[in-house]
Structures are given as structure tokens and as C-alpha cells.
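Fold and contact review
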Amino acid sequence: MNKNGLKYGVLVLLLAVVAYNSVYFRKLDEKKASAATTKFDAAAYADAFWKTKLLPDSGKAIELNMLIQELKTDKDKAFEAHSHALSIGNLRYFLVRGTGKITAIGDHDVTVLLANGPEVTIATEYVFGNAARDASGQIRLTDFDNTMDLNNVSSEINKIIRNRVVAPFKASAKTGQEVSFIGAIELNREHLHTDAIEVIPIHI
Amino acid sequence: MQISLQTYRPALLKFQSLIALLILCLTIGLLSDKFFTVANGWNVLRQISVNVCISVGMTLVVLTAGIDLSVGSVLALSGAIAAGLLRNGIELPASNLYIGFTVFGAIVAGLLTGSVLGWFNGWAITRFKLPPFVATLAMLTIARGLTMLWTEGFPITGLGDSFTFLGTGWLLGIPLPVWISGGIVLVVVLLMDQTRFGRYVYAIGGSESAARLSGVNINRIKMLVYTMAGGLAAVGGLLVTSRLDSAQPNAGTSYELDSIAAVVIGGTSLSGGRGSILGTVQGAVIIGVLNNGLVLLNVSPFWQQVVKGIVILLAVIIDKSSSRND
């Protein structure tokens, strides 16, 4: 064998080794069948989370008036003790409870004047974000294979809130009516504003 | 005995990047107690690993008096191809066949993608005599568009522990990306200092016509240089993707500017023929430390851009004035 032949022979062998270790083959229908059985069902996960974790955990929600006082006294301590978040950053979520009188019913929210406290709004139209998912601290990032699944869980929980909590509340809410609620709120650790709190309702 | 600044001028010029780095570190260290911590040190090194990989390739290109504006987009496409193949494989419904990719296969595919795009840059520049600025600017948009098409505008996530180990793992107490970028630096330094290829790269940047008359195959060397730049951008893409466990369609945006900044701050002349890989590494470390320091000092991201721009401008002015006085 001449020198060139040897060179090309080694090259082909090397390519074969690389290819052998790079790919594998399966029948497409078998692969699709196994993918279907292992596909993450965000709606089912959210429903189970709602029933077995979030609602039972709502008993641990902190009184909103008390939280506001704690935030005024020692912001860092209050955030450390009561807030949760899955992502890094200043946005943190709290599970809160409160009782008050409905003072206004808007297209997008219901305003409630808390007993001995400030006014807060309960979202009734735009229920988005991760507040309800993250506020309890019961969901861990490592439970999910990818962030898409995690985000889908958030939107499924928000869907549950719109259908099971907001819809009946909107239908029965009247100005002057007294309401007790449990919900999730989002606060910015760095730029804290407690004068315009919006509650994503979990139970009313 | 009279000692003037002139006495130390050659040494000051030689070590200007290192001196600048030292001053920068001391200043940030004085202003932030978190800077001189082991965790932050590893964090900075891990972050600059990506820029080191890209900047080493950019140095080769700049040494030939070229420029490669496409490295950020090439990084994004390479990472996305690797992630997409690893996560979804290739489906061939006509033959009821699924081709799956191992982690090794995905890495190879990513590296091939970057190298092929780099080769295409080199081919366009040498075959059609296009200015490198134009050819690589075209590749910047082509590769970004291909990334959007491949990912459909969504991140590709859930790549598995074996793949994410590449960007997040540790080996002998040192982050794996630091090993990888360090290995690349070592290989390219040897290549530039010990081989004919290295001498040809400097020769082309110094005077292309003189190099041609000396028998250097200009087109071949340039194609090789752009292919290497693409391949090294792909390494950066794999590191970013594995570190985030996600191939982002907009990954690597403006990375070309950071790598050009590292090259310039490291003392490589934008007109080619003068500079070094180790200088670029120093430049990348300066950029990395500057980024880290500005974040630790809570400087607004808008001001961060301004400060980085001023540092680059100063570096070029100093470089120009020192080369005029040489």
C-alpha cells in the first residue's frame, strides 16, 4: 500500500469511528410511541399541584397587613422568611391572605380595602406570570427536564385560577361586600412598592 | 542617579495590558468586597472562557488584516444545531427512520457547523475578493436567520446532564470551560510560534503582496484561518449552550464586539501582522473583569456599555501612539 492509500485508509477509519459513536438508528414509529408515553402533561401536573400542594399550603399564607408591616420594619428579613422564587433576580413571590371590603369593581380587577390596611387589587382579567406557581415554594426547578415544561405548568395553573377562582368571584362580587382571600403577590426586592399590590387569587 | 519614565517605557509598553488588568482588579477589589473571592474568581474565568475561544479565532483573522463579524451568529447556530440534534435527532418519515445523536455526535455536528460556516467566509473572501467586513457581515445575518429557522424562534432546552457537564462541570478542581479554553490557547500559541502556518499568518498580515511573492499560498492560509475562527466560535457556542442547558436563538448577539475588543485591547493591530494570542487572552480577561466589576458595583447596564466603549477607545489610542513611537 502506498503512502497516500495508508493516509486515506486511516482517515476513513477515523470517520467511521466518529460516525459510529455519533449516531444511532431507530424506527420512527417506535420512537414516536415511546415519546408519547413519556411526554410531560402540564395540565395534569398543574391540577395535581393545585389540589395536593397549593390549596393545602394556603393555610401557611401570611396576613397581608402583617407582611407589609414586616417589610417596612426589616425588608430583607421579611423577604427571607416569606418569599419564594425559582429564578435568580429581585422578583420574589409571597403567599398572602387578607380580609376586606370591595370598594370598586373594574374591568381588569377588583379593589379591596383591607381591614386596618391599604387597598389592594385582585386580578380578574390578566392572570399571568409565575406568582401562583412560585409563591408556595413547593415546585423545584430540578423537577423538570426543561424550562418549557415549567412555563407550561405556570400557564396551566393560571388557567385553573381563571376558571375555578376568578369566574365565580367575578359573577358574585358586589361593591361593599366583605371578602376573604388567599393569593399570590409579586414584589421586587430592590425596588419595593407596597402601595399598589396586585393579588393573583387562589381562594376567595 | 536619575531615573525617568523613559527608562521604563519599553517595559511599560510590553506589559501595558497586564498593568491595566492589575489596576482594574485592585480598583474593583477596593470598591467591592465580593471581587476577591474564590467563587467570583471561578465565575469570571468561566465567563471569559467563551470569549477566549472566540477571540483566539478572531486574533488569527485580524492578524491576516481581516475581520470576522459573524462569530456571534456562528456561535448561536452551532449551539442550536448541536442542541437540536441532541434533543430531537433527525426524522425521516419516508423511510420510517429516526437518526438519534449522542452527546459526542451533537458536539461533532456543532463543531462541523461552525467550521463549515467559517470555511464559507474564507471561500467568499478569497474566491470573490470580497472585503472580509462585507462577507462576514453577510454571514452574520445568514447564520442568525438560519438559527431562527432551525429553532423556530424558541429555545431548545433539556439537553441532559452529560451535555451540560461541558459548560458546568469541574475537572481537578477547575471548571471544565477553563480547561477547554486553556487547551485551545495552548494549541494555537504553539501553532503560531512553532509552525510555518503561524509565520505565514503574520506574513500575510504584514504585507500580503510580499507574502505572495515569497510563495505563500495566501488563499489557502486565509481559508484555514476563517475555518478555524468558525470552529472556535462553535466551541464557544457549545460552551454557552451547555452552560445554560439551552440553545437560545439570540445567543451570541454582539459577541463579535467583545471578541474584537479583546483582540484590540490585547495589542493586536487591526491592520494585521502584529499581535499575539496571549495578548488577546489578557484582553479577554480585562473585558471579563470589567464586566464582572461593573455588575458587582451595581452599575447600570446602559453605563456598562459606555464604559466598555471608552476602554476600547483608550486601548486603541494607546496602541496607536505606542506603535507610532516604536
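Along each chain, the written sequence defines residue order, and numbers are assigned to residues from 1. Each chain is given a letter, starting from A, and each ligand a number, starting from 1, according to the order in which they appear as written. In keeping with the predicted nature of the model, local features appear solely for residues at pLDDT of at least 70, side-chain atom pairs appear and are counted solely at 80 or more, and the whole-chain, interface and lining totals rest on all residues. Side-chain measures here rest on the full set of heavy atoms in the structure, leaving out hydrogens and waters.

Before going further, it helps to spend a moment on the domain arrangement of chain A. Segmentation into domains, and thus their bounds, comes from an automatic or database assignment. What the domain assignment reports for chain A is domain 1 (1-39) and domain 2 (40-203). Here the C-alpha centre of domain 2 of chain A lies 51 Å away from the C-alpha centre of domain 1 of chain A.

With that settled, consider the UniProt feature "transmembrane region" (unreviewed entry) in chain B. All names here are of chain B. Per the UniProt record, "transmembrane region" (unreviewed entry) is found at residues 12-32, 69-86, 98-120, 132-150, 170-192 and 223-240. The numbering of helices and of strands both runs from the N terminus, where a helix is a DSSP run of H or I of at least 4 residues and a strand a run of E of at least 2. End C-alpha atoms of residues 69-86 are separated by 28 Å, and the span's content is 89% helix alongside 0% strand. Here residues 132-150 is 100% helix and 0% strand, with 26 Å between the C-alpha atoms at its ends. UniProt positions are given in the numbering used here, feature names are shortened, and annotations may be inferred rather than shown by experiment.

Once that is clear, we can look at the pattern of salt bridges. The rule for a salt bridge is simple: a side-chain nitrogen of Lys or Arg has to be within 4 Å of a carboxyl oxygen of Asp or Glu. Under the definition given, this model contains 10 salt bridges over all chains. Taking the shortest distance from any N to any O, the salt bridge between Arg133(A) and Asp134(A) comes out at 2.6 Å. Residue Arg133(A) is classed as buried on the basis of its relative accessible area, which comes to 3%. We call a residue buried when its accessible area falls under 20% of the maximum for its residue type, exposed when it is over 50%, and partly exposed in between, using a 1.4 Å probe and counting protein chains only. Judged by its relative accessible area of 4%, Asp134(A) falls in the buried class. Of the charged contacts, one joins Arg212(B) and Glu208(B) as a salt bridge, the two residues approaching to 3.4 Å between their closest N and O atoms. With Arg212(B) and Glu208(B) both in helix H10 (residues 208-213) and four residues apart, the pair spans about one turn of that helix.

A few words now on the nonpolar core. With 66 residues, the main nonpolar core has Val56(B), Met192(B) and Ile277(B) as its most contacted residues. In this analysis, two residues are considered to be in contact whenever any of their non-hydrogen atoms come within 4.5 Å of each other. Leaving out residues up to four positions away in the same chain, Met192(B) has contacts with Leu60(B), Leu63(B), Phe197(B), Gly198(B), Arg199(B), Val201(B), Tyr202(B) and Ile277(B). The definition of a nonpolar core used throughout is a set of buried Ala, Val, Leu, Ile, Met, Phe, Trp, Tyr and Cys residues joined through side-chain atoms within 4.5 Å. One finds Leu54(A), Val127(A), Ile139(A) and Ile161(A) within the second-largest nonpolar core, a separate group that totals 26 residues.

Residues and elements named next belong to chain A. Paired strands, as defined in this entry, are two strands with at least two bridges between them according to DSSP. As paired strands, strand E4 (residues 91-105) and strand E7 (residues 178-188) are joined by 11 bridges and run antiparallel to one another. Across the sheet, the residue bridging to Val 96 is Gly 183, located in E7. Here E7 runs beside strand E8 (residues 198-203); their pairing, made up of three bridges, is antiparallel. Bridge pairing in E8 places Ala 184 opposite Ile 200.

Quick look at empty space enclosed by the protein now. A water-sized probe, rolled over the atoms, reveals where empty space remains. Residues and elements named next belong to chain B. Using only the protein atoms, space was sampled on a 1 Å grid; points where a 1.4 Å probe fits but cannot get out form cavities, open sets with protein on both sides within 12 Å along at least five of seven lines form pockets, and lining residues are those with an atom within 4 Å of a point. Grid points are joined across faces, edges and corners, and a volume is the space filled by probe spheres set on the points. Counted by the stated rule, this structure contains one cavity of 30 Å³ or more. Estimated volume of the largest cavity: approximately 40 Å³. Along its surface, the largest cavity is lined by Leu 75, Ala 76, Gly 79, Ala 80, Val 240, Thr 241, Ser 246, Ala 247, Gln 248 and Ala 251. Mapped by element, the contributors of at least two residues to the lining of the largest cavity are helix H4 (71-88), helix H11 (218-244) and strand E6 (246-247). The element contributing the most residues to the lining of the largest cavity is H4, with four residues. Within the lining of the largest cavity, the residues separate by chemical class into six nonpolar, four polar and no charged. Each residue is assigned to one of three groups, with Ala, Val, Leu, Ile, Met, Phe, Trp, Tyr, Cys and Pro labelled nonpolar, Asp, Glu, Lys and Arg labelled charged, and all others, Gly among them, labelled polar.

This part covers the packing of helix H9 (residues 196-206) of chain B against H11(B). Residues and elements named next belong to chain B. Here an angle of 0 to 180 degrees is reported between the N-to-C directions of two axes, which are lines fitted to C-alpha atoms, with helices fitted over the stretch in contact. Where H9 meets H11, the axes come as close as 10 Å, and the angle between the chain directions of the two elements is 105 degrees. On the basis of the axis angle, H9 is roughly perpendicular to H11. The segment H9 lies against H11, with Phe 197, Tyr 200, Val 201 and Ile 204 engaging Ile 218, Ile 221, Lys 222, Leu 224, Val 225 and Met 228. Small angles under 35 degrees read as roughly parallel and large ones over 145 as roughly antiparallel, with 65 to 115 read as roughly perpendicular and the rest as oblique.

Time to look at the layout of surface pockets. Considering only enclosed or pocket space, the largest pocket measures out at about 960 Å³ in volume. Contributing to the lining of the largest pocket are 27 residues, with Lys31(A), Asn146(A), Arg87(B), Asn88(B) and Thr157(B) lying nearest its centre. Here the residues of the lining of the largest pocket are counted per class, giving 11 nonpolar, eight polar and eight charged. Counting residues domain by domain, the lining of the largest pocket receives three or more from each of domain 1 (1-39) and domain 2 (40-203) of chain A. Empty space within the second largest pocket amounts to approximately 780 Å³. In terms of lining, the second largest pocket is formed by 27 residues, of which the most central are Gln47(B), Tyr255(B), Asp258(B), Asn291(B) and Lys308(B). Contributions of two or more residues to the lining of the second largest pocket are made by helix H3 (38-63), H11, helix H12 (255-265), helix H13 (277-296) and helix H14 (301-325) of chain B. Here the lining of the second largest pocket gets seven residues from one element, more than from any other, and that element is H3(B).

With that out of the way, let us pick up the packing of aromatic side chains. Both the distance between ring centres and the angle between the ring planes are used here to describe each pair of aromatic rings. Here a Phe, Tyr or Trp ring, Trp counted by its six-membered ring, pairs with any other such ring whose centre lies within 6.5 Å, and the pair is stacked when the planes are under 30 degrees apart, edge-to-face when over 60, and tilted otherwise. Taken as a whole, this structure holds 11 aromatic pairs over all chains when the rule is applied. For the pair Phe40(A) and Phe144(A), a centre-to-centre distance of 5.7 Å together with 80 degrees between the ring planes defines the contact as edge-to-face. Linking Phe40(A) in the loop between helix H2 (28-38) and helix H3 (42-57) with Phe144(A) in the loop between helix H6 (131-134) and helix H7 (147-172), this pair joins segments that are 104 residues apart in sequence. Its relative accessible area of 9% is what places Phe144(A) among the buried residues. Considering the side-chain rings of Trp42(B) and Trp170(B), the 5.7 Å spacing of their centres and the 85 degrees angle between planes classify their relative orientation as edge-to-face. One end of the pair, Trp42(B), is in helix H3; the other, Trp170(B), is in strand E4 (residues 170-171), and 128 residues separate them in sequence. Given the relative accessible area of 41%, Trp170(B) is considered partly exposed. Ring-pair connections join several aromatic residues into one group, and the members of that group are Trp119(B), Phe120(B), Trp123(B) and Phe128(B). Comment: the charge-over-ring label is applied if NZ (Lys) or CZ (Arg) is within 6 Å of the ring centre and within 35 degrees of the ring normal. The aromatic ring of Phe128(B) is capped on one face by Arg127(B), whose charged end is 5.3 Å from the ring centroid.

All names here are of chain B. Its location among the elements puts Ala 80 in helix H4. The spacing of Ala 80 and Leu 238 is 158 residues in sequence and 8.6 Å in space, taken between C-alpha atoms. Excluding residues within four positions of it along the chain, Ala 80 makes contact with Thr 147, Trp 150, Thr 151, Ile 156 and Ala 247.

Residue and element names in this part refer to chain A. Summarising the sheet, strand E2 (residues 62-63) and E4 pair through two bridges and their orientation is parallel. Among the inter-strand pairings, Glu 63 is bridged to a residue of E4, identified as Arg 97. When strand E3 (residues 83-84) meets E4, the two strands line up antiparallel, connected through two bridges. By the bridge assignment for E4, His 84 is matched with Tyr 93. Between E3 and E4, which pair antiparallel and follow one another directly, the connecting turn spans six residues, one of which, Gly 89, has a positive phi of 145 degrees. Note: E4 against strand E5 (residues 109-114), five bridges, orientation antiparallel. Within E5, the position partnered with Ala 104 by the bridge is Thr 111. The turn linking E4 back onto E5 is made up of three residues.

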